[in-house]
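This is what each chain is made of:
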Amino acid sequence: DTGVSQNPRHKITKRGQNVTFRCDPISEHNRLYWYRQTLGQGPEFLTYFQNEAQLEKSRLLSDRFSAERPKGSFSTLEIQRTEQGDSAMYLCASSAWDRGYYEQYFGPGTRLTVT
Amino acid sequence: DQQVKQNSPSLSVQEGRISILNCDYTNSMFDYFLWYKKYPAEGPTFLISISSIKDKNEDGRFTVFLNKSAKHLSLHIVPSQPGDSAVYFCAASDLGRSQGNLIFGKGTKLSVKP
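Residue positions are counted from 1 within each chain, in the order its sequence is given. The naming scheme follows written order: chains are lettered A onward, ligands numbered 1 onward. The predicted origin of the model limits local features to residues at a pLDDT of at least 70 and limits the giving and counting of side-chain atom pairs to 80 or more, whereas totals for whole chains, interfaces and linings rest on all residues. Only hydrogens and water are set aside; all other atoms, that is, all heavy atoms of the structure, feed into the side-chain values.

**Focus: a nonpolar patch on the surface**
Residue and element names in this part refer to chain B.
Reasoning step 1: On the surface, Ile18, Ile20 and Val78 cluster together to form a nonpolar patch covering roughly 220 Å² of accessible area.
Reasoning step 2: Only runs of H or I of at least four residues qualify as helices and only runs of E of at least two qualify as strands under DSSP, and these elements are numbered from the N terminus. The residue Ile20 is located in strand E3 (residues 19–25) in this model.
Reasoning step 3: Three exposure classes are used, based on accessible area relative to the maximum for each residue type with a 1.4 Å probe and protein chains only: buried under 20%, partly exposed in between, and exposed over 50%. Since its relative accessible area comes to 36%, Ile20 is described here as partly exposed. Within the patch definition used here, like charges are joined within 9 Å and nonpolar side chains (Val, Leu, Ile, Met, Phe, Trp, Tyr) within 5 Å, considering only residues with over 30% relative accessible area and no salt bridge. Working definition of accessibility: Shrake-Rupley area with a 1.4 Å probe, residue cover restricted to the visible protein chains. By salt bridge we mean one thing: a side-chain nitrogen of Lys or Arg within 4 Å of a carboxyl oxygen of Asp or Glu.

As structure tokens, then:
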């Protein structure tokens, strides 16, 4: 088991550009979560998937954000028309919810800087 | 409105002594609590969790205590080691809602001095 992986680890983009991040969860974890963390704050929930279904989005997830988890495996998070306020660490986590394991295991994160 | 609060931004402890990190919550529907450790430039690492039906859970040097009436939990690390120096986050979840998303505090930076 290699843990949760995220790519890229760092992304610098200009305001107005689109960016896409990828998350590969722990194999056989049916739940996948996306969080965002800014300086001095704890991670904040964005959205989650149970298998391939996206079941909840937080109010933090504006219309410029979209997430997918095709076939219930890896997930992508896309931000369109990036703004400076999108600069943050984007974290992915997974859990084996269907087997009664509620703790979430996090990846290393993708640090986004919007200039 | 912050539902999970860690009121101490930092804590300094001598190696070998006990570290006690505190966390308060306001939402009485929370029924599952977790502690994570985070090093710079890494994602949070799961340490230990506790269900609201328990008041204590222990795993090696780490023990979490839950006081439901006070809406308070604490993490005890005994003995503290320099490698424990990191930011510690308390998180809570309302499993009854089935979403399972975590609500985090702002973290406490622990420094363990040799």
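**A short note on the nonpolar core**
Reasoning step 1: Definition used in this section: a nonpolar core is a set of buried Ala, Val, Leu, Ile, Met, Phe, Trp, Tyr and Cys residues joined via side-chain atoms within 4.5 Å. The biggest cluster of nonpolar side chains holds 23 residues, and the ones touching the most others in it are Phe33, Trp35, Leu73, Leu75 and Tyr88 of chain B.
Reasoning step 2: Those elements that place two or more of their residues in this core are E3, strand E4 (32–38), strand E5 (45–51), strand E7 (62–67), strand E8 (72–77), strand E9 (86–93) and strand E11 (108–113) of chain B.
Reasoning step 3: With four residues, the top contributor of residues to this core is E9 of chain B.
Reasoning step 4: By size, the runner-up hydrophobic cluster in this structure holds 19 residues, among which are Phe49, Leu61, Cys92 and Val114 of chain A.

**Comments concerning the state of the cysteines**
Reasoning step 1: We call a pair of cysteine sulfur atoms a disulfide whenever their separation is within 2.5 Å. As enumerated under the stated definition, the model contains two disulfides over all chains in all.
Reasoning step 2: There is a disulfide in this structure between Cys23 of chain A and Cys92 of chain A, and the S-S distance comes to 1.8 Å. Across the S-S bond of Cys23 of chain A and Cys92 of chain A the torsion is about -65°, and the bridge reads as left-handed. In this pair, Cys23 of chain A is assigned in strand E3 (residues 19–24) and Cys92 of chain A in strand E9 (residues 88–95), connecting sequence segments 69 residues apart.
Reasoning step 3: With relative accessibility at 0%, the residue Cys23 of chain A sits in the buried group.
Reasoning step 4: Judged by relative accessible area, which is 0%, Cys92 of chain A ranks as buried.
Reasoning step 5: Paired by a disulfide, Cys23 of chain B and Cys90 of chain B hold their sulfur atoms 2.0 Å apart. Across the S-S bond of Cys23 of chain B and Cys90 of chain B the torsion is about -70°, and the bridge reads as left-handed. With Cys23 of chain B in strand E3 and Cys90 of chain B in strand E9, this pair connects stretches of sequence that are 67 residues apart.
Reasoning step 6: Note on Cys90 of chain B: relative accessible area 1%, which makes it buried.

**What to know about the packing of aromatic side chains**
By convention here, two paired aromatic rings are described through the distance between centres and the angle between planes.
Reasoning step 1: When two rings of Phe, Tyr or Trp (its six-membered ring) have centres within 6.5 Å they constitute a pair, described as stacked for plane angles under 30 degrees, edge-to-face for angles over 60, and tilted for the intermediate range. Per the counting criterion, the structure on display carries 18 aromatic pairs over all chains.
Reasoning step 2: Consider the rings of Tyr35 of chain A and Phe45 of chain A, whose centres lie 6.0 Å apart with planes at 70°: the pair is edge-to-face. Residue Tyr35 of chain A is located in strand E4 (residues 31–37), and its partner Phe45 of chain A is located in strand E5 (residues 44–50); the two are separated by ten residues in the primary sequence. As far as burial versus exposure is concerned, Tyr35 of chain A and Phe45 of chain A are alike and both buried.
Reasoning step 3: Summarising the aromatic geometry, the rings of Phe65 of chain A and Tyr90 of chain A are spaced 6.5 Å apart at their centres and angled 40° between planes, so their arrangement reads as tilted. Of the two residues, Phe65 of chain A sits in strand E7 (residues 65–68) while Tyr90 of chain A sits in strand E9, which places them 25 residues apart along the sequence.
Reasoning step 4: Given the relative accessible area of 0%, Tyr90 of chain A is considered buried.
Reasoning step 5: Here the aromatic residues Tyr33, Tyr35, Phe45, Tyr48, Tyr105 and Phe106 of chain A together with Tyr36, Phe46, Phe89 and Phe104 of chain B are joined through ring pairs into a cluster of three or more.
Reasoning step 6: In this structure, Arg22 of chain A packs its charged tip against the face of Phe74 of chain A, placed 3.9 Å from the ring centre. Charge-over-ring placement is defined geometrically: NZ (Lys) or CZ (Arg) within 6 Å of the ring centre, and within 35 degrees of the ring normal.

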